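Take a look at the letters that make up each chain.
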Number of protein chains: 2
Amino acid sequence: MTSSPSALLGALDPTSDRAVFRQIADHLREAIDKGRFTEGAKLPSEAELVEHYGVSRMTVRNAISILQGEGLVHAEHGKGVYVRPRPPVRRLASDRFARRHREQGKSAFTVEAEAAGSRPEVDQLEVREERPSQDIAARLGGARKVLVRRRRYLLDGRPVEFASSYLPLDLARNTPIAQPNPGPGGIYARLEELGHRLERFEEEVRARMPAPAEVKTLRLAAGVPVIHLIRTAYDTEGRAVEVCDTVMAADAYVLAYQLPAI
Amino acid sequence: MTSSPSALLGALDPTSDRAVFRQIADHLREAIDKGRFTEGAKLPSEAELVEHYGVSRMTVRNAISILQGEGLVHAEHGKGVYVRPRPPVRRLASDRFARRHREQGKSAFTVEAEAAGSRPEVDQLEVREERPSQDIAARLGGARKVLVRRRRYLLDGRPVEFASSYLPLDLARNTPIAQPNPGPGGIYARLEELGHRLERFEEEVRARMPAPAEVKTLRLAAGVPVIHLIRTAYDTEGRAVEVCDTVMAADAYVLAYQLPAI
DNA sequence: AAGTGGTCTAGACCACGCT
DNA sequence: GCGTGGTCTAGACCACTTA
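In what follows, the accompanying structure is described. Because the structure is a prediction, the values reported are computed rather than measured. (Residues numbered from 1 in each chain as written. Chains lettered and ligands numbered in written order. Predicted model: local features only at pLDDT ≥ 70, side-chain atom pairs only at ≥ 80, totals over all residues. Heavy atoms only, no water.)

Focus: the overall build of chain A
Part 1 of the argument: Helix and strand counts for chain A stand at eight helices and ten strands.
Part 2 of the argument: Its C-alpha radius of gyration of 24 Å places chain A more than 25% over the 18 Å reference for a compact globule of 262 residues.
Part 3 of the argument: C-alpha atoms of chain A, sized along the principal axes, occupy 70 × 45 × 40 Å.
Part 4 of the argument: Scored against the burial criterion, the 262 residues of chain A give a buried share of 50%.
Part 5 of the argument: Within chain A, residue pairs in contact and separated by at least 24 positions form 59% of the contacts whose partners lie at least 6 positions apart. (Helix = DSSP H or I, 4+ residues; strand = E, 2+ residues; numbered from the N terminus. Rg over C-alpha atoms; globule rule 2.2 N^0.38 Å. Buried < 20%, exposed > 50% of the residue type's maximum accessible area, 1.4 Å probe, protein only. Contact = heavy atoms within 4.5 Å.)

Okay, structure coming up:
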């Protein structure tokens, strides 16, 4: 017999206009916010909440589904509903593509992750030639065919990011860029060796809820949005030499940018 | 009598492991993706879906709630469930705080919105002195008291952004910055007049699901995350002179950054 | 008044995790 | 085996919109 949740949760207000399931969600949310349930803690079971509030099970489930939608809790089948721990966050600095970070044997992702004490992995690597979407083609100045490099990044076994790089085919074909492993410093180092000295990057940042395929690829919990980042690399001649389309688990990232005040 | 949804939606696969309500959600999502229901279109009513699939109403509602969580549709009580239109997006360029944009009589938000053909509004303006949170205090180099300026921005009547600016009190007290309307060019222009020439900004970008208060303030639809942006302004002496904490409706914004390749 | 979605009940059976 | 959450049914009454 576990102790009843009455000590942690209040009673319903029958005079309130607020729907019962919303009131229950409010109680649970408040208890979490106030630390009465800490990260990783198990909420009272559905049966206990049914008993405590004197409502039907669907009403309790409705309440819990609100909290799931907010990303506050997650359910584990056969076990219980738990307060979602905040995962470690990866900080992406705006100088992460600086030339000085490119001189090493490992990829930027690997170096950075190991420095942070995480175990980095890259999988689902795929390199192929494709006809680009209209959007990608436009960003690349009208390229008709492109080389695509797709890969998924993981930290400590958890997928955090899925990225696709697009390069004009005339630029990348039969170069190390078309190899699964392009060598030290990554494709930016190779681009510069091929005479495309990089001048600047443009990044577009959006946030939205994931599509079902993204939920699967990134193993996203309910209530976790994605950050969608589209980066275009320009060489000193002003030519767009790469577009990188990245979808990141939003709970795993902070993007940091430095802006000059001009 | 309207036409049955059978023309637009398939039949359930009884051999599939996939839950019935997920299959129904898949059908509807696919129909939306393929343009069989366009933006603003009304989905079949719950009753029609119950009839079409031969399931109970709760099963149909469960399916629809998945699509609501993905931000694909929204329900209007007494009317129906509609495909959510993509709202016009506001693009925030990384040079939006450049000095040259600061010489005008209107705020950056106003100028930009009017250029884009939208009707800008600012409301819920509040200026007060406060003791800062630990996080804000640390970002401001340990300020003990701050001047806070809060305001909400709207486009064509729709709230899109809620921002709080924090400035060290010793710097802002008894200056135009403490006035509700700080004058042409905004507080950055006033800071420079006060001798704090701005050198750079740092921005941190996160995305997450909104808290209930944010849903209310920004009138967010279900399935719309927020972009949380924290900007710190530094003067030429390296002092942090302002922190601006902004929560934006993610479906209304694209952030654009320029990064030098160094 | 008719049709729509919003809330809620009181059951049922199943799948999963643990002991 | 038992407790957990996952799915589903067949109702009920309510609130909102439109006509």
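Quick notes on the protein's contact with DNA strand D
Part 1 of the argument: In the vicinity of DNA strand D, 24 residues are found, and the nearest of them are Arg57 of chain A together with Val20, Phe21, Ser56 and Thr59 of chain B.
Part 2 of the argument: By atom count, sugar and phosphate contribute 65% of the portion of DNA strand D lying within 4 Å of the protein.
Part 3 of the argument: Serine 56 of chain B places a polar main-chain atom, nitrogen or oxygen, 2.8 Å from a phosphate oxygen of DNA strand D.
Part 4 of the argument: Every element with two or more residues in the surface near DNA strand D is listed here: helix H3 (57-69), strand S1 (73-76) and strand S2 (80-83) of chain A together with helix H1 (20-33) and helix H3 (57-69) of chain B. (Near = heavy atom within 4 Å. Polar contact = N/O pair within 3.5 Å; in protein donor to acceptor, adjacent residues only side chain to side chain.)

Brief notes about the sheet that holds strand S3 (residues 90-92) of chain A
Part 1 of the argument: Strand order across the open sheet formed by eight strands is S3(A)-S10(A)-S7(B)-S8(B)-S9(B)-S6(B)-S5(B)-S4(B), with mixed pairing between neighbours. One side of each edge strand has no neighbouring strand; the edge strands of this open sheet are S3 of chain A together with strand S4 (120-130) of chain B. The average angle at which neighbouring strand axes cross in this sheet is 15°, direction not considered.
Part 2 of the argument: Here nine bridges tie strand S8 (residues 226-235) of chain B to strand S9 (residues 240-249) of chain B, and the two strands are oriented antiparallel to one another. In the sheet register, alanine 233 of chain B faces S9 of chain B, and the bridge partner there is glutamate 242 of chain B.
Part 3 of the argument: Strands S4 and strand S5 (146-155) of chain B of the sheet are contacted by helix H4 (residues 108-115) of chain B, whose axis makes an angle of about 170° with S4 of chain B. (Pairing = 2+ DSSP bridges. Axes fitted to C-alpha atoms, helices over the stretch in contact; angles between N-to-C directions.)

Considerations on the relation of the copies chain A and chain B
Part 1 of the argument: Mapping chain A onto chain B leaves a residual RMSD of 0.0 Å; the transformation is a rotation of 180° accompanied by 0.0 Å of translation along its axis. As the rotation angle and translation indicate, the two copies are arranged about a two-fold axis. (Least-squares fit on C-alpha atoms with pLDDT ≥ 70 in both.)

Looking at the interface of chain A and chain B
Part 1 of the argument: Between chain A and chain B, the residue contacts involve 37 residues of the former and 37 residues of the latter.
Part 2 of the argument: On the chain A side of the contact with chain B, Tyr257, Leu259 and Ala261 of chain A bury the most area, a combined 21% of that side's loss.
Part 3 of the argument: Counting the contacts that link chain A with chain B gives two salt bridges.
Part 4 of the argument: Among the ionic pairs, arginine 91 of chain B bridges to glutamate 204 of chain A, the shortest N-O distance being 2.9 Å.
Part 5 of the argument: For the interface between chain A and chain B, the tally reads 14 residue pairs in polar contact (both at pLDDT 80 or more).
Part 6 of the argument: Taken together, the elements giving at least two residues each to the side of chain A that touches chain B come down to H3, strand S7 (198-208) and strand S10 (253-260) of chain A.
Part 7 of the argument: Among the elements that line the side of chain A that touches chain B, the one with the most residues is S7 of chain A, at eleven residues.
Part 8 of the argument: Classifying every residue of the side of chain A that touches chain B by side-chain character gives 21 nonpolar, four polar and twelve charged. (Buried area = accessible area lost by both parts, 1.4 Å probe. Salt bridge = Lys/Arg side-chain N within 4 Å of Asp/Glu carboxyl O. Nonpolar A, V, L, I, M, F, W, Y, C, P; charged D, E, K, R; others polar.)

Some thoughts on the pairing of S10 of chain A
Part 1 of the argument: The buried fraction of S10 of chain A is high, at six of eight residues.
Part 2 of the argument: As paired strands, S3 of chain A and S10 of chain A are joined by three bridges and run parallel to one another. Looking across to S10 of chain A, one finds that leucine 92 of chain A is bridged to leucine 255 of chain A.
Part 3 of the argument: In the sheet, S10 of chain A pairs with strand S7 (residues 198-208) of chain B via six bridges, with the strands oriented antiparallel. Looking at the pairing, leucine 259 of chain A lines up with phenylalanine 201 of chain B of S7 of chain B.

Here we look at the packing of helix H2 (residues 46-53) of chain B against H3 of chain B
All names here are of chain B.
Part 1 of the argument: Two elements in contact, H2 and H3, have axes separated by 9 Å at closest approach and are oriented at 115°. Between H2 and H3, the angle falls in the class roughly perpendicular. Crossing hand, H2 versus H3: right-handed. Each of Glu46, Leu49 and Val50 in H2 lies in contact with H3, whose residues at this interface are Arg57, Val60, Arg61 and Ile64.
Part 2 of the argument: Looking at the contact of H2 with H3 residue by residue, the class counts come to four nonpolar, no polar and three charged. (Parallel < 35°, antiparallel > 145°, perpendicular 65-115°, else oblique. Left-handed = near helix turned anticlockwise from the far one by under 90°.)

Focus: the packing of aromatic side chains
Part 1 of the argument: Overall, the coordinates contain nine aromatic pairs over all chains when judged by the stated rule.
Part 2 of the argument: Judged by centre distance (3.6 Å) and plane angle (5°), the rings of tyrosine 257 of chain A and tyrosine 257 of chain B are stacked. One end of the pair, tyrosine 257 of chain A, is in strand S10; the other, tyrosine 257 of chain B, is in strand S10 (residues 253-260), on a second chain. As far as burial versus exposure is concerned, tyrosine 257 of chain A and tyrosine 257 of chain B are alike and both buried.
Part 3 of the argument: When the centroid spacing of 5.2 Å and the interplanar angle of 55° are considered together, the rings of tyrosine 188 of chain B and phenylalanine 201 of chain B count as tilted. You can see tyrosine 188 of chain B sitting in helix H7 (residues 186-193) and its partner phenylalanine 201 of chain B sitting in strand S7, a full 13 residues away along the chain. Just as tyrosine 188 of chain B is buried, phenylalanine 201 of chain B falls in that class too.
Part 4 of the argument: Three or more aromatic residues joined by ring pairs form one cluster here, namely Phe97, Tyr188 and Phe201 of chain A. (Phe/Tyr/Trp six-rings, centres within 6.5 Å; stacked < 30°, edge-to-face > 60°.)

That's the geometry; what it means functionally is another story.
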